[in-house]
Amino acid sequence: MGNAHAQGAWTISEVERLTGLPRRDIQRCCYSGKGGLGIVDVPNSTWGRRCYGVAEMAALYVVQLERLAGESLPEIGRKLREETGAGSPNPAAQLAVHSARLEERCETIAGQLARARALRIALREDDPQGALGSFVERCVGDQLVAALRTLVEEGSRECGQANVSAGRKTLAPDSLFGLGSALDAGWLTRELSPTAQAQERPSKKQAEIELGLAGAIDAAHNCTGVSRDFARKALSWAFDAPGIDMAVELWLGAGSFELVSQALRP
């Protein structure tokens, strides 16, 4: 083990633990003889034992991700050989594809979880409107931070610089880390709770939601110094996160999410 570490590499036992790929499958991936796949070329150490570097670890983790997707080892071997052709395997490109798929799955699961939590709150709480409002505020606040960071980072790339002017204030993406704690409790519920479950004409409820969201936009503007237009765009992005629609409908009433979406459109 020490010899592998001295070379900045890992032993097969460590690779098995870190990747989750069983030892037998690791050996089959590295063996090019009968029964082997020969899709990972692992050099031997000076003691004759295989040492697994970052490239080998990455290639084996690609195999594990393919296994978790339901592919057999022979199918994985054929697929990887077809993708690389006569060239060397490119685990970085393969991991990028898997990362994108995993991010999509994370978004789907996050939305399902948010909807399930909102429904549980609506069913079990003595004061479901208050609890749902707090839940929506927390979820939207987290998404607002992420949206502002993304918008600032996109602006940075377009401008080719580390900071970006977001309305009247120049921001670096790192300056937004503390935004979640800067938004005071009630920044959203205080503005929108008066519309919760109100039996009103759609036009009146729309006006009240627009007024409430204007207050929420002001709160984001005051916390960050970004322009109100920039804050509106980020808030629209935040409300569009998976699962928020169900929580808003349960909190503010049937049809309210569409009213919120309309109010946040430019």
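Residues numbered from 1 in each chain as written. Predicted model: local features only at pLDDT ≥ 70, side-chain atom pairs only at ≥ 80, totals over all residues. Heavy atoms only, no water.

Participant: Even after reading the chapter, I still don't get the overall build of the chain, so can you show me in this structure?
Facilitator: Secondary structure summary: the chain contains 13 helices and 2 strands in total. If you take every contact in the chain between residues at least 6 apart in sequence, the share linking residues at least 24 apart comes to 61%. Total accessible area computed for the chain in this model is approximately 14800 Å², and 51% of it derives from carbon and sulfur atoms. (Helix = DSSP H or I, 4+ residues; strand = E, 2+ residues; numbered from the N terminus. Contact = heavy atoms within 4.5 Å. Areas by Shrake-Rupley, 256 points an atom, 1.4 Å probe, with all protein chains shown as cover.)

Participant: Please explain the packing of helix 11 (residues 228-239) against helix 13 (residues 256-264) as it appears in this structure.
Facilitator: Any two packed helices are characterised by how steeply their axes cross, that is the angle between the axes, and by the distance between the axes. The contact between helix 11 and helix 13 brings their axes to 9 Å, and the two run at 155 degrees. In terms of their interaxial angle, helix 11 and helix 13 are classed as roughly antiparallel. Crossing of helix 11 over helix 13 shows left-handed handedness. Residues R232, L235, S236 and F239 of helix 11 pack against F257, V260, A263 and L264 of helix 13. In terms of residue class, the contact of helix 11 with helix 13 is made up of 6 nonpolar, 1 polar and 1 charged. (Axes fitted to C-alpha atoms, helices over the stretch in contact; angles between N-to-C directions. Parallel < 35°, antiparallel > 145°, perpendicular 65-115°, else oblique. Left-handed = near helix turned anticlockwise from the far one by under 90°. Nonpolar A, V, L, I, M, F, W, Y, C, P; charged D, E, K, R; others polar.)

Participant: I'm lost on the packing of helix 4 (residues 54-68) against helix 6 (residues 91-124) in this one. Help?
Facilitator: Put simply, helix 4 and helix 6 touch, their axes get as near as 9 Å, and they point 40 degrees apart. With respect to helix 6, the axis of helix 4 lies oblique. Crossing of helix 4 over helix 6 shows left-handed handedness. On the side of helix 4, the interface is formed by A55, A58, A59, Y61, V62, L65 and E66, while helix 6 contributes P91, Q94, L95, H98 and L102. Residues of the contact of helix 4 with helix 6, tallied by class, amount to 9 nonpolar, 2 polar and 1 charged.

Participant: Could you clarify how one ought to interpret helix 2 (residues 12-19) in this entry?
Facilitator: Since there are 3.6 residues in each turn of an α-helix, residues three or four apart along the chain are aligned in direction. When helix 2 is considered as a whole, its buried residues turn out to be I12, E14, V15 and T19. Each buried residue of helix 2 sits inside an arc of 155 degrees when the element is viewed along its axis, so together they form one side. Following helix 2 by one or two positions, G20 has its phi on the positive side, about 80 degrees. (Buried < 20%, exposed > 50% of the residue type's maximum accessible area, 1.4 Å probe, protein only. Arc of directions from axis to C-beta.)

Participant: Whenever I open this one, the side chain of E14 confuses me. Can you help?
Facilitator: The residue E14 is located in helix 2 in this model. Notably, E14 is buried but unbridged: the nearest opposite-charge side chain belongs to R17, and the N-O separation is 5.0 Å. At 2.9 Å, the side chain of E14 forms a polar contact with the backbone nitrogen of T11. (Lys, Arg positive; Asp, Glu negative; His and termini not counted. Salt bridge = Lys/Arg side-chain N within 4 Å of Asp/Glu carboxyl O. Polar contact = N/O pair within 3.5 Å; in protein donor to acceptor, adjacent residues only side chain to side chain.)

Participant: Would you explain the pattern of salt bridges in this entry?
Facilitator: Two side chains that carry opposite charge are able to pair once their charged atoms sit near each other. In the structure shown here, the tally under the stated rule is 6 salt bridges. A salt bridge links R228 to D218; the nearest nitrogen and oxygen atoms lie 2.6 Å apart. Taken together, the residues span a long stretch of sequence, with R228 in helix 11 and D218 in helix 10 (residues 202-224) at a distance of 10 residues. Classification of D218 as partly exposed rests on a relative accessible area of 27%. Here E258 makes a salt bridge to R265, at a shortest N to O gap of 3.1 Å. Since its relative accessible area comes to 47%, R265 is described here as partly exposed.

Participant: When you look at the confidence of the model for the chain in this model, what are you seeing that I'm missing?
Facilitator: Predicted coordinates in regions of low pLDDT should not be interpreted in detail. Averaged over all residues, the pLDDT of the chain equals 83, while 81% of them reach at least 70. Note on residues 156-178: pLDDT is under 50 here. Beyond four places in sequence and across chains, it has 44 contacts. (pLDDT = per-residue confidence, 0-100.)

Participant: Whenever I open this one, helix 12 (residues 244-252) confuses me. Can you help?
Facilitator: Taken together, the buried positions of helix 12 are I244, A247, V248, W251 and L252. Along helix 12, the residues classed as buried sweep out an arc of 105 degrees about the axis, all on the same side. Phi turns positive one or two residues past the end of helix 12, at G253, with a value near 110 degrees.

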